[in-house]
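These are the residues of each chain, in order.
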Amino acid sequence: MNFPTVNVIHDQALVETFVEGIGKNIFILTPSYPFVFIGKLVDVIEDQAVVDVKVTSISELENRQWFIHIHSIEVFYIQQKGMPRIPELKTNF
């Protein structure tokens with residue numbers, strides 16, 4: 001019998017978590033540039049999260065969709081009903 005490895009189970013569960021979060025706000029930190037993404041999770045294609053990015057560390061990269069490899073994400077938070085909200089960050093005072 002061939003059983004899936006722990007890494008395979010982990011990877012599948014991670015992708016499933018993102019699939020369940022489609023349509024919700026998301027906060028993502030990555031180890032590489034541009035590091036921070038805040039927006040709405042609009043789709044998951046294989047192991048890529050499609051995020052409609054509203055805020056990132058570089059304003060020129062905002063207001064467009066980004067394809068982010070799920071396995072390269074260091075930290076993420078998908079906003080859930082009844083849980084803390086992701087704050088709206090504004091650069092204009």
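Summary of the structure given here. Predicted model, so just to flag it, every value in this text is computed and none were measured.

When the terminal C-alpha atoms of helix 1 (residues 6–20) are compared, their 21 Å separation across 15 residues agrees well with the 21 Å that a helix rising 1.5 Å per residue should span. Along helix 1, the residues that are buried comprise Leu14, Val15 and Phe18. Buried residues of helix 1 fall within an arc of 95° about the axis and therefore sit on the same side. Facing away from the buried surface of helix 1 by more than 90 degrees, the exposed residues are Val6 and Glu20. In the core, the buried residues of helix 1 are packed alongside strand 1 (25–29), strand 2 (36–45), strand 3 (48–56) and strand 5 (75–78).

In the structure shown here, the tally under the stated rule is 1 salt bridge. In this structure, aspartate 52 and lysine 54 form a salt bridge, with 3.4 Å as the shortest nitrogen-oxygen distance. Using a relative accessible area of 22% as the deciding quantity, one classes aspartate 52 as partly exposed.

Attention shifts here to the packing of aromatic side chains. Applying the stated criterion across every chain yields a total of 3 aromatic pairs. Considering the side-chain rings of tyrosine 33 and phenylalanine 35, the 6.2 Å spacing of their centres and the 85° angle between planes classify their relative orientation as edge-to-face. For tyrosine 33, a relative accessible area of 53% gives the class exposed. According to the relative accessible area criterion, phenylalanine 35 is partly exposed, its value standing at 37%.

This brings us to the side chain of glutamate 62. Residue placement: glutamate 62 occurs in the loop between strand 3 and strand 4 (64–69). One buried charged side chain, glutamate 62, makes no salt bridge at all; its nearest oppositely charged neighbour is arginine 64, positioned 9.1 Å away. Look past the residues within four positions of glutamate 62 in its chain and what remains in contact with it is Val53, Lys54, Val55 and Thr56.

Criteria and thresholds
- Residues numbered from 1 in each chain as written.
- Predicted model: local features only at pLDDT ≥ 70, side-chain atom pairs only at ≥ 80, totals over all residues.
- Heavy atoms only, no water.
- Helix = DSSP H or I, 4+ residues; strand = E, 2+ residues; numbered from the N terminus.
- Expected span 1.5 Å × (residues − 1).
- Buried < 20%, exposed > 50% of the residue type's maximum accessible area, 1.4 Å probe, protein only.
- Arc of directions from axis to C-beta.
- Contact = heavy atoms within 4.5 Å.
- Salt bridge = Lys/Arg side-chain N within 4 Å of Asp/Glu carboxyl O.
- Phe/Tyr/Trp six-rings, centres within 6.5 Å; stacked < 30°, edge-to-face > 60°.
- Lys, Arg positive; Asp, Glu negative; His and termini not counted.

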